[in-house]
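Structural overview
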Amino acid sequence: HIDGNYLGAEGASHVAVSLRGHQYLTELNLEGNDVRDAGAAAIADAMMHNDQVCTLNLDSNKILHLGAEAVAQALTSNSALRSLSLCANRIGTDGGCSIANVLLDANSTLSCLQLDSCHLSGAFFSAMAAALRGGRCGLTELSLSRNDAGDAGASVLVQALSCNSALRALRLCSCGVSHAAAQRFLVVAGAVGRLDKLAFQADGPGRGIQEE
């Protein structure tokens, strides 16, 4: 854990060098280090040559869509990583879609994905729903809270659950989901019967809906 040390892109590049061929490190937490796109790209490139790290946290690093796309590219060849967190980075819909598309086409080993507060909207939720329906995606936990899903984005994700047997936890808190829609989604998810946890922080009266 070297979180909160403001390593910057240069420091991240040094960490990346040590990752190549490292035989013992299984968890890397770089939260709050201001690595930005260049640092994320360096780490991602190193991950393409590392088969030991299974947990990677890049939260709060001012990473934009280019950094997210580099991470997505790493996922096409890395089969060791099980948990990835990019929360509180402005990766946007383009960056999010690059990750969702890899989960659809090329990666079946990532099990936990956290993209809270990543400025995701519209097309991203459709892309992630396609990944969940696709049959290759191995996610068991997906956290997308504090993004602009709205009722429409949440709906496509929940509908995709009928075609997905892996996902066990879905979090969509503070995503602009109305209380009425959240109630409908809980009914749909209950009918599917595979989720252990579905959480919404719905907008309006009665907010804060969670099924476990």
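Right above here is the structure, for reference.
Overview of the structure. Just so it is clear, the structure is predicted and the values come from calculations on it, not from any experiment.

What follows deals with the packing of aromatic side chains. For any two aromatic rings, the description comes down to two numbers: the centre-to-centre distance and the angle of the planes. One pass over the structure, following the stated rule, counts 2 aromatic pairs. The interplanar angle of 80° and the centroid separation of 5.1 Å between the aromatic rings of Phe124 and Phe125 together place this pair among those described as edge-to-face. Plain terms: the ring middles of Phe185 and Phe200 are 5.8 Å apart, the flat faces sit at 35° to each other, and that makes the pair tilted. With Phe185 in helix H7 (residues 179–192) and Phe200 in strand S7 (residues 197–203), this pair connects stretches of sequence that are 15 residues apart. Taken as a pair, Phe185 and Phe200 share a single burial class, namely buried.

For helix H3 (residues 65–75), the set of buried residues is Gly67, Ala68, Ala70, Val71, Ala72, Ala74 and Leu75. Where H3 is buried, its residues contact helix H2 (36–47), strand S3 (83–85) and helix H4 (92–105).

To continue, consider the pattern of salt bridges. Across all of its chains, the model carries 5 salt bridges by this definition. A salt bridge links Asp34 to Arg36, with the nearest nitrogen and oxygen atoms 2.9 Å apart. On the accessibility criterion, Arg36 (42% relative accessible area) is partly exposed. A salt bridge links Glu141 to Arg171, with the shortest nitrogen-to-oxygen separation between them at 2.8 Å. Placement of the pair is Glu141 in strand S5 (residues 141–143) and Arg171 in strand S6 (residues 169–178), with a sequence separation of 30 residues.

Attention now moves to unusual backbone geometry. If you check the backbone angles, Lys62 has positive phi at about 55° while not being a glycine. Following the sequence through the fold, Lys62 ends up in the loop between strand S2 (55–57) and H3. Positive phi is not limited to glycine here, since His119 has a value of about 60°. Along the chain, His119 falls in the loop between strand S4 (112–114) and helix H5 (123–133).

On to the pairing of S6, then. Relative to S6, S5 runs parallel, the two sharing 3 bridges. Its bridge partner lying in S6, Glu141 is registered against Ala169.

With respect to the helices, strands and loops of the structure, Asn147 is situated in the loop between S5 and helix H6 (150–160). On the accessibility criterion, Asn147 (5% relative accessible area) is buried. A distance of 2.9 Å separates a polar side-chain atom of Asn147 from the backbone nitrogen of Cys118. Polar contacts involving the side chain of Asn147 include one to the main-chain carbonyl oxygen of Ser145, which spans 3.3 Å. When near neighbours in sequence (up to four residues on either side) are disregarded, Asn147 contacts Leu115, Asp116, Ser117, Cys118, His119, Leu120, Phe125, Ser174 and Cys175.

Turning to the packing of helix H1 (residues 8–19) against H2, a few remarks are in order. Where H1 contacts H2, the axes come no closer than 8 Å and their chain directions differ by 5°. If you check the angle between H1 and H2, you find them roughly parallel. Contacts between H1 and H2 involve Ala9, Ala12, Ser13, Val15, Ala16 and Leu19 from the first element and Ala38, Gly39, Ala42, Ile43, Ala46 and Met47 from the second. In the contact of H1 with H2, the residues fall into 10 nonpolar, 2 polar and no charged.

About the criteria used
Residues numbered from 1 in each chain as written. Predicted model: local features only at pLDDT ≥ 70, side-chain atom pairs only at ≥ 80, totals over all residues. Heavy atoms only, no water. Phe/Tyr/Trp six-rings, centres within 6.5 Å; stacked < 30°, edge-to-face > 60°. Helix = DSSP H or I, 4+ residues; strand = E, 2+ residues; numbered from the N terminus. Buried < 20%, exposed > 50% of the residue type's maximum accessible area, 1.4 Å probe, protein only. Contact = heavy atoms within 4.5 Å. Salt bridge = Lys/Arg side-chain N within 4 Å of Asp/Glu carboxyl O. Pairing = 2+ DSSP bridges. Polar contact = N/O pair within 3.5 Å; in protein donor to acceptor, adjacent residues only side chain to side chain. Axes fitted to C-alpha atoms, helices over the stretch in contact; angles between N-to-C directions. Parallel < 35°, antiparallel > 145°, perpendicular 65-115°, else oblique. Nonpolar A, V, L, I, M, F, W, Y, C, P; charged D, E, K, R; others polar.

In short, the description is geometric, and any link to function would need to be established separately.
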